[in-house]
Amino acid sequence: MTAVAAIGATPSAPAAVEPLAYSEADVAAALGPDWTTTLLAAHRWITLGRALDARMQAYQRQGRVGFYGAATGQEAVNVAAGLATTPDDWIFPGLREQLVALVRGHALPTYVHHLFGDARDPAKGRNMPCHPTAREVHYVSMSSVIGTQVTHAVGAAYGMKLRHVPGVALAFFGDGATSANDVHAGLNFAAVLDLPVLFCCTNNQWAISVPVARQTHAATLAAKAHAYGLEGRRVDGTDYVAVHRALREALARLRAGGPPEMIEFLLYRMTPHSSSDDPTRYQPSDWAARAAAHDPYVRLERWLLEHAVLSPSAQAAARADADAAVRVAVEAAETTPLPPPESVTEDVYASARPAHSDTG
Ligand SMILES: Cc1ncc(C[n+]2csc(CCOP(=O)(O)OP(=O)(O)O)c2C)c(N)n1
Ligand SMILES: [Mg+2]
């Protein structure tokens, strides 16, 4: 069994955290005049993501949730994508982008109903936990088949272009997915057809137990875009300001009719791949310390506290509010019945009792 963070735990700040070396003027230039509002919102959302991840990993161990894939360490990308996109955009996620849906307006209790697979889960308990669908915020249910969401995103963008519908399709995929055909077909089609797609590669340096150095000999994953004639940039995915700026600027170029682009977010997977994984069997012993030094939450929080944008009492309130929101959502889910067995054929057959099931 793998250790998980205690519920609601304050992440212990390691001594050697890489500081965010920004002046306030730098941040204003990167994020615009509302930068304090943006950063405080980002801090609250990341706080919620941490509370959700800690609690759900513990609940999975208690047998209350069937499966969970944490996004701990990757929240800067998710939250910035949620804040930088507009309702017109479409999100085609991998395993760890649920916060994007929440930031875009998907209700936390609805997401938690999905995690518990109860009668109020929009997918009626039929999808694996952590594979939500959030139609109202253009968040498309992920497929567990690695990389397939990338061609889906490109197809959606092609449809948007043909119909003259505004918006950008954001395709999220991991470092491991860059070895999958769909990523390459997607990059190529998007380039040739000049589609509004932003390829967002979350390089957390592991594809379950395979380190990125055994995935590719390329110096960066962003370089994969260059082969298809596209712009590809690598960004520090644990630096909230850099991530938000990169997304904001790329989305602005795409909205102005620019070609598709790829951003590689270099970050650290701070948790097991999923609740089915034990990274102590393959990660080097210093990995956790290296990852902790690049914790995007601690890096952002330290900068906010040092620049008096966040007060210690607001920091404590953000944690308490996040923990309470998760508790309330869990209570609602655990008191909601499971979907009725007869609902299993809803949305599948025209009638609840398909003819071929009638043995009489
Ligand atoms: C086509 C396919 N091959 C293999 C798997 C098994 N598998 C599930 S997750 C995973 C690793 C994914 O790594 P990465 O793309 O880096 O994403 P991460 O989980 O690190 O976010 C693999 C190989 C799969 N689901 N689909
Ligand atoms: Mg990975």
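Per chain, residues are indexed from 1 in the order of the written sequence. Chain labels run from A onward and ligand labels from 1 onward, assigned in the order the entries are written. At least 70 in pLDDT is required for a residue's local features to be given in this predicted model, at least 80 for side-chain atom pairs to be given and counted, and no such filter applies to totals for whole chains, interfaces and linings, which use all residues.

Turning to the overall build of the protein chain, a few remarks are in order. Strands are runs of DSSP state E lasting at least two residues, helices are runs of H or I lasting at least four, and both sets are numbered from the N terminus onward. When helices and strands are tallied, the protein chain shows 12 helices and 7 strands. Each principal axis of the C-alpha distribution contributes one length, and for the protein chain these read about 75 × 50 × 40 Å. Residues classed as buried in the protein chain amount to 46% of the 360 residues present. Residue pairs are scored as contacts if the distance between their C-beta atoms, which are placed from the backbone, is within 7 Å. Of the contacts made within the protein chain by residues no fewer than 6 positions apart, 76% connect residues no fewer than 24 positions apart. The exposure label follows from counting other C-beta atoms within 10 Å of a residue's C-beta, where the C-beta atoms are placed from the backbone and the thresholds are 20 or more for buried and 12 or fewer for exposed, leaving partly exposed in between.

This part covers the confidence of the model for the protein chain. Caution applies to low-pLDDT regions: their predicted coordinates should not be interpreted in detail. A score from 0 to 100, pLDDT tells how confident the predictor is in each residue. When pLDDT is averaged across the protein chain, the result is 94; 93% of the residues are at 70 or more. Predicted confidence for residues 1-12 stays below pLDDT 50, and this span has 22 contacts to residues more than four positions away or in other chains.

Take the pairing of strand 7 (residues 261-266) next. Most of strand 7 sits inside the fold, with 6 of its 6 residues counted as buried. The two faces of strand 7 match: E261, I263 and F265 on one face and M262, E264 and L266 on the other face are all buried. Only strands joined by at least two bridges in the DSSP assignment are considered to pair. Relative to strand 7, strand 3 (residues 197-203) runs parallel, the two sharing 6 bridges. The residue bridging N203 from the neighbouring strand is L266, located in strand 7.

Moving on to the site of ligand 1. Nearness rests on one distance test: the residue's C-beta atom, set from the backbone, must lie within 6 Å of the molecule or strand. The environment of ligand 1 is made up of 18 residues, and the closest members are I146, G174, G176, A177 and A207. Of the residues contributing to the shell around ligand 1, the split by class is 8 nonpolar, 7 polar and 3 charged. Any residue that is not Ala, Val, Leu, Ile, Met, Phe, Trp, Tyr, Cys, Pro, Asp, Glu, Lys or Arg is counted as polar, Gly included; the first ten are nonpolar and the last four charged.

What follows covers the sheet that holds strand 3. As summarised here, the arrangement of the 5 strands in space is 1-2-3-7-6, forming an open sheet in which the pairing is parallel. In this open sheet, the two strands that pair with only one neighbour each are strand 1 (90-92) and strand 6 (231-236). Direction aside, the axes of adjacent strands within the sheet are offset by 20 degrees on average. The sheet contact formed by strand 1 and strand 2 (residues 169-174) spans 3 bridges and is parallel. The residue of strand 2 that forms the bridge with W90 is A169. Contacts from helix 6 (residues 148-162) reach strand 1, strand 2 and strand 3 within the one sheet, and its direction differs from that of strand 2 by about 170 degrees. Packing of helix 9 (residues 240-255) onto the sheet brings it into contact with strand 3, strand 6 and strand 7, and relative to strand 7 it is tilted by some 175 degrees. Here, axes are lines fitted to C-alpha atoms. For helices the fit covers the stretch in contact, and angles between N-to-C directions go from 0 to 180 degrees.

The nonpolar core is taken to be a set of buried Ala, Val, Leu, Ile, Met, Phe, Trp, Tyr and Cys residues joined by way of C-beta atoms within 7 Å. Core analysis: the biggest nonpolar cluster contains 94 residues, and A80, A153, A169, L170, A171, V197 and C200 have the highest contact counts within it. Not counting chain neighbours up to four residues away, the residues in contact with A169 comprise W90, F92, A153, A156, A157, P196 and V197.

Before going further, it helps to spend a moment on the pairing of strand 6. Here strand 6 pairs with strand 7 via 6 bridges, running parallel. Note that in strand 7 the partner of G232 across the bridge is M262. At this point the chain moves from strand 6, through helix 9, to the parallel strand 7, and the crossover so formed is right-handed. We call a crossover right-handed when, viewed with both strands directed away from the observer, the connection leading from the first strand over the helix to the second proceeds clockwise.

Another aspect to go through is helix 12 (residues 312-334). Given a helix with a known number of residues, its expected span is that number minus one, times 1.5 Å. If you check helix 12, its first and last C-alpha atoms are 33 Å apart, about what 23 residues at 1.5 Å a residue would give, namely 33 Å. Looking at helix 12, one finds that the buried residues are A318, A322, D323, V326, A329, V330 and A333. Buried positions along helix 12 lie against helix 2 (35-61) and helix 5 (108-116).

This part takes up unusual backbone geometry. A positive phi angle is found at H164, which is not glycine, with a value near 55 degrees. Positionally, H164 belongs in the loop between helix 6 and strand 2. Residue classification places H164 among the exposed residues on the basis of 6 C-beta atoms within 10 Å. The backbone phi angle of D347 is positive, close to 70 degrees, even though this residue is not glycine. Inspection of the secondary structure assignment puts D347 in the segment after helix 12.

The subject of this paragraph is the packing of helix 5 against helix 12. Taken N-terminus to C-terminus, the directions of helix 5 and helix 12 make an angle of 50 degrees; their axes are 9 Å apart at the nearest point. Between helix 5 and helix 12, the interaxial angle falls into the category oblique. Every pair of crossing elements has a handedness; the one defined by helix 5 and helix 12 is right-handed. On the side of helix 5, the interface is formed by L108, P109, V112, H113 and F116, while helix 12 contributes A325, A329, V330, A332, A333 and E334. Comment on the angle field: the value is read as roughly parallel under 35 degrees, roughly antiparallel over 145, roughly perpendicular from 65 to 115, and oblique elsewhere. Crossings are sorted by hand: turned counterclockwise from the far helix by less than a right angle, the near helix makes the crossing left-handed, and turned clockwise it makes it right-handed.

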